[in-house]
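Residues per chain are reported as follows:
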2 protein chains.
Amino acid sequence: MEDILIANNKKKSSELIEELRGLTPIFECTIATTQTAKIQGISAAGAYPEITDYTPPADVELLFYGKCKCISGVPVTPDGIPTPALITRSALELAEISTFVVNAGLNIKPYVPFMEVGGKSGESIVTGKAVSSDREASEIKEVFERSVLLGKELAKTADYLVMGESIPGGTTTALAVLLALGIDAEGKVSSSMPNNPHDIKIDTVNKAMKSAQITKGALKDSPLSAISKVGDPMQVVHTGIAIGAKDKIPVMLAGGTQMAAILALIDATVSNTDNIFIGTTKWIIEDKTSDLKGLVNQIADIPILAANLDFSAISTSNQGLQKYEEGTVKEGVGAGGASIAAMLRKGEINKEVLLKRIKQNYEKLIN
Amino acid sequence: MEDILIANNKKKSSELIEELRGLTPIFECTIATTQTAKIQGISAAGAYPEITDYTPPADVELLFYGKCKCISGVPVTPDGIPTPALITRSALELAEISTFVVNAGLNIKPYVPFMEVGGKSGESIVTGKAVSSDREASEIKEVFERSVLLGKELAKTADYLVMGESIPGGTTTALAVLLALGIDAEGKVSSSMPNNPHDIKIDTVNKAMKSAQITKGALKDSPLSAISKVGDPMQVVHTGIAIGAKDKIPVMLAGGTQMAAILALIDATVSNTDNIFIGTTKWIIEDKTSDLKGLVNQIADIPILAANLDFSAISTSNQGLQKYEEGTVKEGVGAGGASIAAMLRKGEINKEVLLKRIKQNYEKLIN
């Protein structure tokens, strides 16, 4: 079986794989929090809604140290399934890929070096004022512009950019932004839970759009306004960095259906998605409860690559990793993209080598 | 006349120049403030002592935008001579060198993307508790360790690192740290003023050492303690980043005699200065009021390169730049190192091309 699956635009995807082989990327991880994650039933990125503030900083601490500092243990779902940052850590460590964390808006800061672009944590989208209130309309623009600048600087030193994220509640804000931009997205965004709570998400988004006094497609020409009303802080920064970098180097949006929202935001901002592609996991492209490809192709026929990780054969002293095969977690912290980048960078890294390292790192954590 | 002068260890310096030619560095700029700068007569990096808080953020804004955002105009000396960030900006712009700003401790944050490592602005060294009080001894260690991590990440993506700084008052804190580490430094540190105020500096440092209850050389085995008592926040971060990067790539300490203090701190921390060299300006190596080479050779016989910039022939509508030839400013914001890196990166950039761009950028600012 191949290491990297192609899930869209076979020709461009195959060419891209050959183009990127052996190159040295930078892994960038945009982290933020939104009060949206604290709505009961929305997010599994944290055992309890209240602790989702700690998930993004803990995730990036895991990337740097192989363990977390701001919490004991690691972020887990309510069932105890470990964060996908474990996969990302293993991939970046094996391939020695440079990692930059960007704070898009956090309440709790991580104990790692991180980049500031002026962002603040997000409100619940049901307020209709999700990222900076009307009073601060210039603030979101300032954060966006600083992110564009950062993207330009990263593009001067990296062969290509791999852009992951950690923001609990991010698929719900993705749904809201996709709808505000006029993309048919209902029932199509993914979830970190096996039973995708589409009803709760749609209900939340309907409340958000009502509060913001907008209808579907109403903000298709106002992407920053869509984020400001019903999005999240990660989206501002991720969109900005991608736009800043893409004129010079290929940019991989590393994630699941949240990255369809970023793609839509890029398209709405600069009417051009050249050099943009998506890197994700097998679990996302095989997910029956969501439709990444269906979302992406409403925007642009770009390459979608997927790391062909299979955790069913992993034997560890507990079952945390095997649960990924049942549809828990699926993606996050750029796990799929980092895995793809690691396998492309060094010939000796294939999915078996990566799996072995993931297992080792997991056992270090639980023992 | 050559573009790059060799000021120490001719053999290693010549080899280094050939080794670095055509390579792609990252320019890193560590910025911080210390209350030490507000002692009357210490610093010319700001027209008035009170506004030295704005100099570092304004300097890095100039690097990104070609103009400042947090102040009107640009940082100038009391005589109106413009900041060396103007030189750095011109060099980085011409050679398209990736720029990362690191906040080591500021009261005023810049409107650019910048890296956080947990640092806080410094107290006056005359307190003997210059960087984090005794109560927070673990804090300086934490900032140092995060800086080491950052250095490791930068080293994975850059061919070599050019490390500049902006911290008003930095030569006085350099003097104090050099003495605490046992280096014969009195009368040897440089100044941004033509008449180097050695008496004020020595008087300040004597007060600092008295408050800290230390004698010369007392902290030669405790570099972080030396910074904590009589140093500045830039030194913690700069030393950490250099140590993190130097095992993998060459590291240019870009500056004047402040970089001798960083060299001494590196040596005291890891007993090894391999891969470290200094990049500065002609104005520093020709300065009769200071002795960079004399400081460096007490620590290690490393290469010292100097950008051979000559501003005497520049004709502009005002005399700001020509004053550099009279010994004002001399260096700062990695001006010399950035110039060297730009000339090494692209064959078509020589000192004449660089001078022309500096003149253009200066005229844009004053007209």
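Scroll up to find the structure.
Residues numbered from 1 in each chain as written. Chains lettered and ligands numbered in written order. Predicted model: local features only at pLDDT ≥ 70, side-chain atom pairs only at ≥ 80, totals over all residues. Heavy atoms only, no water.

**Student:** Would you mind showing me how to read the overall build of chain A here?
**Tutor:** Secondary structure assignment for chain A yields 13 helices and eight strands. For chain A, the spread of C-alpha atoms along the principal axes amounts to about 50 × 40 × 40 Å. Taken over 367 residues, chain A has a buried fraction of 65%. Pairs at least 24 residues apart make up 80% of the contacts formed inside chain A by residues separated by at least 6 positions. Element-wise, carbon and sulfur atoms account for 47% of the exposed surface of chain A, whose accessible area totals about 12,700 Å². Where the 37 positive side-chain charges of chain A centre and where its 43 negative ones centre are 1 Å apart. (Helix = DSSP H or I, 4+ residues; strand = E, 2+ residues; numbered from the N terminus. Buried < 20%, exposed > 50% of the residue type's maximum accessible area, 1.4 Å probe, protein only. Contact = heavy atoms within 4.5 Å. Areas by Shrake-Rupley, 256 points an atom, 1.4 Å probe, with all protein chains shown as cover. Lys, Arg positive; Asp, Glu negative; His and termini not counted. Charge placed at Lys NZ, Arg CZ, Asp CG, Glu CD.)

**Student:** Would you explain the relation of the copies chain A and chain B in this entry?
**Tutor:** Structural alignment of chain A on chain B gives an RMSD of 0.0 Å, achieved by rotating through 180° and translating 0.0 Å along the axis. One copy is carried onto the other by what is essentially a two-fold rotation axis. Judged by C-alpha distance, M115 of chain A is the residue of chain A that lies nearest the rotation axis, at 2.1 Å. When the interface residues of chain A are mapped onto chain B, 100% of them again fall at the interface, so both copies present the same face. (Least-squares fit on C-alpha atoms with pLDDT ≥ 70 in both.)

**Student:** Can you help me understand the environment of P168 of chain B in this one?
**Tutor:** Looking at the secondary structure, you find P168 of chain B in the loop between β5 (160-166) and α5 (170-180). A sequence separation of 101 residues divides P168 of chain B from T269 of chain B, and the C-alpha atoms of the two residues are 25 Å apart.

**Student:** Just to check I follow, could you spell out the interface of chain A and chain B for this structure?
**Tutor:** When the parts of a complex come together, some accessible area is lost, and that lost area is often taken as the interface size. Taken together, the contact pairs 27 residues of chain A with 27 residues of chain B. Between chain A and chain B, the buried area comes to about 2,400 Å², and carbon and sulfur atoms account for 61% of it. Taken together, chain A and chain B are joined by zero salt bridges. Taken together, the connections running from chain A to chain B amount to eleven residue pairs in polar contact (both at pLDDT 80 or more). For the side of chain A that touches chain B, the element with the most residues is helix α4 (residues 137-157) of chain A, which contributes eight residues. Both strand β4 (residues 114-116) of chain A and strand β4 (residues 114-116) of chain B contribute to a ladder of three bridges, which runs antiparallel. If you follow F114 of chain A over to β4 of chain B, its bridge partner there is E116 of chain B. (Buried area = accessible area lost by both parts, 1.4 Å probe. Salt bridge = Lys/Arg side-chain N within 4 Å of Asp/Glu carboxyl O. Polar contact = N/O pair within 3.5 Å; in protein donor to acceptor, adjacent residues only side chain to side chain. Pairing = 2+ DSSP bridges.)

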